[in-house]
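Chains, contacts and geometry: an overview
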Amino acid sequence: NPIVSAEYAFDRGFGRFIHTEHAPAKDAVDRALAWVEETAPGGERMFLYLHLFDPHWPYAPAPPEAERFGIVPSVLDRAEQVALASGMMAGDAELTRQLLEWGLWASEAYRACVASADREIGRLFDELDRLGVLESSVVVVTSDHGEEFGENGSLGHGRQLHRETLHVALGHAGPGEGGGVGRCYAAGLHSLLDVSARRFANDAPVGRCDNRGWGRA
């Protein structure tokens, strides 16, 4: 992600910070696992932050998911997408119509990109388990935003505050969390730090909650 970079001070507090724009999930997971394999034998506590960019414009699912979802190449190249998006933001009705038509392709490509990231997250967990560090680790998975695909006359994110953009998943598991799958519904806006700290402290939830941990399907 171009924003999660040293330029915006995201490197503060990390012993090692690697930033690559638009790196496929496979490459990012490979680098993360290389660091864990290097660090884990020392027995020291570790903190790993891994930001996957696959479910993000420009949508480019990995070949297995592109084939699985039947994703054909986009009819618009990146420059054309930017031009139409700029026209939509400027209020041009015709360019907005063209972009929303392209959004039908983008919606399916986005689903394929999510599946690509999901597969790589599964591989990350499998390797952490093989290395013997998963069982004693606290794992948190979330997203910084959702996406709109024409539901409110817009595409992408960053321009409107609708459910499609704001409602994201937050999953976590760790020692003592138990098995199964549950859901929590936040009663309003909360920071992720507040939600996670209260959850792991077994404090009262920030909203209605039937969370019993989460597992892989």
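What counts as what
Residues numbered from 1 in each chain as written. Predicted model: local features only at pLDDT ≥ 70, side-chain atom pairs only at ≥ 80, totals over all residues. Heavy atoms only, no water. Phe/Tyr/Trp six-rings, centres within 6.5 Å; stacked < 30°, edge-to-face > 60°. Helix = DSSP H or I, 4+ residues; strand = E, 2+ residues; numbered from the N terminus. Expected span 1.5 Å × (residues − 1). Bend = angle between axes of the 7 residues up to and from the residue. Polar contact = N/O pair within 3.5 Å; in protein donor to acceptor, adjacent residues only side chain to side chain. Axes fitted to C-alpha atoms, helices over the stretch in contact; angles between N-to-C directions. Parallel < 35°, antiparallel > 145°, perpendicular 65-115°, else oblique. Left-handed = near helix turned anticlockwise from the far one by under 90°. Contact = heavy atoms within 4.5 Å. Core = buried A, V, L, I, M, F, W, Y, C linked by side-chain atoms within 4.5 Å. Buried < 20%, exposed > 50% of the residue type's maximum accessible area, 1.4 Å probe, protein only. pLDDT = per-residue confidence, 0-100.

1. Things to note about the packing of aromatic side chains
Scanning the entire structure with this criterion turns up six aromatic pairs. These aromatic residues form a ring-pair network of at least three members: F14, F17 and F47.

2. Topic: helix 4 (residues 93-130)
With 38 residues, helix 4 ought to run about 56 Å at 1.5 Å a step, and its terminal C-alpha atoms sit 54 Å apart, in line with that. Of all bends in helix 4, the biggest is about 35°, found at L104. By the N-cap criterion, in which a side-chain oxygen at the helix start approaches the backbone nitrogen of a residue two or three places on, helix 4 is capped by D92, the distance to E94 being 3.0 Å. At the C-terminal side of helix 4, G132 shows a positive phi close to 80°.

3. Some words on the packing of helix 3 (residues 78-89) against helix 4
Between two packed helices, both the angle of their axes relative to each other and the distance between the axes serve to describe the pair. With their axes 8 Å apart at the nearest point, helix 3 and helix 4 run at an angle of 125° to one another. The orientation of helix 3 relative to helix 4 falls into the category oblique. Considering only the axes of helix 3 and helix 4, their crossing is left-handed. Packed against helix 3, whose contacting residues are Q81, A83, L84, A85, G87 and M88, the element helix 4 presents L95, T96, Q98, L99 and W102 at the interface.

4. Side note on the environment of V29
Topologically, V29 is positioned in helix 1 (residues 25-39). Along the primary structure V29 and L50 are separated by 21 residues, whereas in three dimensions their C-alpha atoms are 7.8 Å apart. Each residue touching V29, except ones within four places of it in the same chain, is listed here: L50, L52, E120, R123 and L124.

5. A few points about the nonpolar core
Core analysis: the largest hydrophobic core is formed by 16 residues, its most contacted members being Y59, I71, L99, W102, W105, A106 and F149. Broken down by secondary-structure element, the contributors of at least two residues to this core are helix 3 and helix 4. The contact partners of L99, leaving out residues within four places of it in the chain, are Q81, L84, A85, M88 and L155. With 13 residues, the next largest nonpolar core counts A25, L52, L124 and F125 among its residues.

6. Topic: the confidence of the model for the protein chain
In this model, the protein chain carries a mean pLDDT of 80, and residues with pLDDT of at least 70 account for 80%. Low confidence marks residues 203-217, where pLDDT is under 50. Its contacts with residues over four positions away, or in another chain, come to 50 contacts.

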